[in-house]
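The residues making up each chain are set out below.
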Amino acid sequence: MKSCEILACSFSEWYPHFKKVTFPSRVIPLSQEFVDYLLADNLVLRSDQALFTYEKGNESSSSDSEDDEEGWIKAESETPALEAPHFEDIDKKIANVIAEFGGKVFVKLNWSSPKDASWIALNNSLQCHMPADVHLLLKSSDFVLHDLTQPFKDCEDHVINSEPVKYDLVLRKWIEINPANEFRCFVRNKILIGISQRDDSIYCAHIEIEKEDIVRDIMSFFNEQIGPKFPLDNYVMDVVRQRKDKIVLVDINPYGITTDALLFDWNENLLQTSNNSEAATCSYSAPDFRFIVEESGIRTNPLRRYCVPEDIAHLTSGEDPYKLMDLLKLRSGQADTTDSD
């Protein structure tokens, strides 16, 4: 995977060519000042109402404080740390697009959406109704942080790549999508070789029943709309099958470990790229279609790990055994103290 392939999968690169077969969207170029704001640690949001901060209440001040020991109070305007940055131009553009698209939009940057941060939103969704919603999701997302700091991390030429990235804010018209109808498609040497159920944490009985029609519809869409127009030989596309004979393009992703292989594996032979590969010399009669065939085959939703503190996620997943050892030592020390008492 090369950096030029990553750039080719940037939303603003492919959207003009496929706007007729994907959801209505608007692209807002981001200033370096806004990018720096997204990278900053602090999070202060502006709204039409007063700015609030959380502060411990005075327990003896009133009876209300007994019911609510900690409460929200107005932030002092003279406190520099609580000043929200002003991006009036960008926020005005965001508000205009939201109004244009009926009051709600889906947000992403060049490559990633902040789907790992949906838990922090009031509606537990990526649905944005105002500029503050957009700021909150973008500032809270590790996926967005990856876009901003390591877009070429997995590229073989990432060390020598010095081309500055022009970052864009992408606002897409909010469309309700049934995750059971989303599919990830793998294209190798310009041939569709694999299709995976997009959400492998759910079992969908209708996929088994309609699998031949699903493959046929996706192949027709790829051969007629995407394959002849997209310049890369290898890439991954996400689509949604809204109904029979109706496929909509959702996204185009780099072909490599940067993109989740879902029910495939980047190490398996089918996905390996080679000039002498079978896919370069012959056509497949049909791509390999993989989906969850029974409820016992579903997988844990990987996004759930972002809803808990990082230390807890590492403990439960076993990613950091030293943290588990420290916890066991701590528990052992507490037990010894209890016994001595």
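Quick notes on the rules
Residues take numbers from 1 onward in each chain, read along the sequence in its written order. Thresholds applied to this predicted model are a pLDDT of at least 70 for local features of residues and 80 or more for the giving and counting of side-chain atom pairs; totals over whole chains, interfaces and linings are not thresholded and use all residues. Side-chain measures here rest on the full set of heavy atoms in the structure, leaving out hydrogens and waters. A helix here means a DSSP run of H or I that spans at least four residues, while a strand means a run of E at least two residues long, and both kinds are numbered starting from the N terminus. Accessibility here uses a 1.4 Å probe with only protein chains present; expressed as a share of the type maximum, an area under 20% marks a residue as buried, one over 50% as exposed, and anything in between as partly exposed. The contact rule is simple, with two residues in contact once any of their heavy atoms fall within 4.5 Å. We get accessible surface area from the Shrake-Rupley algorithm with a probe of 1.4 Å; when it comes to residues, only the shown protein chains can shield them. Each pair of strands is called paired provided DSSP finds at least two bridges between the two strands. In this description, a line fitted to the C-alpha atoms serves as the axis of each element, helices being fitted only across the stretch in contact, and the angle between N-to-C directions of two axes falls anywhere from 0 to 180 degrees. In this text, buried Ala, Val, Leu, Ile, Met, Phe, Trp, Tyr and Cys residues form a nonpolar core when linked through side-chain atoms within 4.5 Å. Should a side-chain nitrogen of Lys or Arg be within 4 Å of a carboxyl oxygen of Asp or Glu, the pair is scored as a salt bridge. With respect to orientation, any angle under 35 degrees is reported as roughly parallel, any angle over 145 as roughly antiparallel, any angle of 65 to 115 as roughly perpendicular, and every other angle as oblique. Each crossing is labelled by how the near helix is turned from the far one, with a counterclockwise turn of less than a right angle marking it left-handed and a clockwise turn marking it right-handed. Residue classes follow a fixed rule: Ala, Val, Leu, Ile, Met, Phe, Trp, Tyr, Cys and Pro count as nonpolar, while Asp, Glu, Lys and Arg count as charged, and any other residue, Gly among them, counts as polar. Taken from the helix axis, the directions to the C-beta atoms give the arc we talk about. Bend is the name given here to the angle between axes fitted to two runs of seven residues, the run ending at a residue and the run starting at it. A 3.5 Å cut-off defines polar contacts: any pair of N or O atoms within that distance qualifies, except that in protein one atom must be a possible hydrogen donor and the other a possible acceptor, and neighbouring residues in sequence count only when both atoms are side-chain atoms.

Considerations on the overall build of the protein chain
Of regular secondary structure, the protein chain possesses eleven helices and eleven strands. Taken across its 341 residues, the protein chain has 40% of its residues classed as buried. Sequence separation of at least 24 residues holds for 68% of the intrachain contacts in the protein chain that already meet a minimum separation of 6. Surface exposure of the protein chain reaches about 19800 Å², of which carbon and sulfur atoms provide 49%.

Focus on the sheet that holds strand β1 (residues 25–29)
Spatial strand order, β1-β6-β4-β5: four strands in an open sheet with antiparallel pairing. Both outer strands of the open sheet, β1 and β5 (127–128), are each paired with one neighbouring strand and no more. The sheet contact formed by strand β4 (residues 105–108) and β5 spans two bridges and is antiparallel. Pairing of Val105 across the sheet is with Cys128, part of β5. Against the sheet, helix α5 (residues 88–100) makes contact with β1, β4, β5 and β6 (168–173), and its axis sits at roughly 180° relative to β1, the strand it touches most.

Structural notes on the sheet that holds strand β7 (residues 182–188)
If you walk across this open sheet you meet the five strands as β10-β9-β7-β8-β11, and the pairing is mixed. Edge positions in the open sheet fall to β10 (246–253) and β11 (288–290), since each of these has one partner strand only. Sheet twist, expressed as the mean angle between neighbouring strand axes with direction ignored, is 25°. In this sheet, strand β8 (residues 191–197) lies alongside β7 in antiparallel orientation, the contact comprising six bridges. Looking across to β8, one finds that Cys185 is bridged to Ile195. This element, helix α8 (residues 205–226), spans β7, β8, β9 (235–243), β10 and β11 of the sheet and lies at about 120° to β9.

Remarks on the nonpolar core
Counting 65 residues, the largest nonpolar core has Leu169, Ile218, Ile226, Met237 and Leu249 as the members making the most contacts within it. Ile226 has contacts with Phe18, Val21, Phe221, Tyr235, Met237 and Leu249, leaving out every residue within four places of it along the chain. Of all hydrophobic cores here, the second largest spans ten residues; its members include Ile193, Tyr255, Ala261 and Phe264.

Brief notes about the pattern of salt bridges
By the definition in use, this model includes 14 salt bridges. Ionic pairing is found between Glu210 and Arg241, a salt bridge with its closest N-O pair at 2.9 Å. With a gap of 31 residues between them, Glu210 in helix α8 and Arg241 in strand β9 connect regions that are remote in the sequence. One connected set of salt bridges, linked through shared partners, spans Arg184, Arg198 and Asp238.

Here we look at unusual backbone geometry
Look at Lys190: it is not a glycine, yet its phi comes out positive at around 65°. Looking at the secondary structure, you find Lys190 in the loop between β7 and β8. The exposure class assigned to Lys190 is partly exposed, which follows from its relative accessible area of 38%.

Comments concerning the packing of helix α3 (residues 32–39) against helix α7 (residues 142–149)
It is the contact of α3 with α7, at a shortest axis distance of 10 Å, that shows an interaxial angle of 130°. Here α7 runs oblique to α3, going by the angle between their axes. Here α3 runs over α7; the crossing is left-handed. For the pair α3 and α7, contact is made by Val35, Leu38 and Leu39 and by Leu145, Leu148 and Thr149, respectively. Classifying every residue of the contact of α3 with α7 gives five nonpolar, one polar and no charged.

Topic: α3
Among the residues of α3, Phe34, Val35, Tyr37 and Leu38 are the ones counted as buried. With its buried residues spanning 155° around the axis, α3 presents them on a single face. For α3, the exposed residues set more than 90 degrees away from the buried face come down to Gln32 and Glu33. Elements in contact with the buried residues of α3: α5, α6 (131–139) and α7.

Regarding the pairing of β9
Burial analysis of β9 places seven of its nine residues in the buried class, the great majority of the element. Where β7 meets β9, six bridges bridge the pair, whose relative direction is antiparallel. Counted as the bridge partner of Glu182 is Val240 from β9. In the sheet, β9 pairs with β10 via seven bridges, with the strands oriented antiparallel. Residue pairing for β10: Val239 is matched across the bridge by Leu249. Counted between consecutive antiparallel strands, the loop separating β9 from β10 contains two residues, among which Asp245 sits at a positive phi close to 70°.

A word on α8
The largest bend in α8 amounts to roughly 70° and is located at Lys211. Residues of α8 that are buried: Ile207, Ile214, Val215, Asp217, Ile218, Phe221, Phe222 and Ile226. In this structure, the buried side of α8 is in contact with α2 (11–18), β7, β8, β9, β10 and β11.

A word on the side chain of Ser141
Along the chain, the position of Ser141 falls in the loop between α6 and α7. Separated by 3.1 Å, the side chain of Ser141 and the backbone nitrogen of Val144 make a polar contact.

Shape descriptors only; they carry no functional weight alone.
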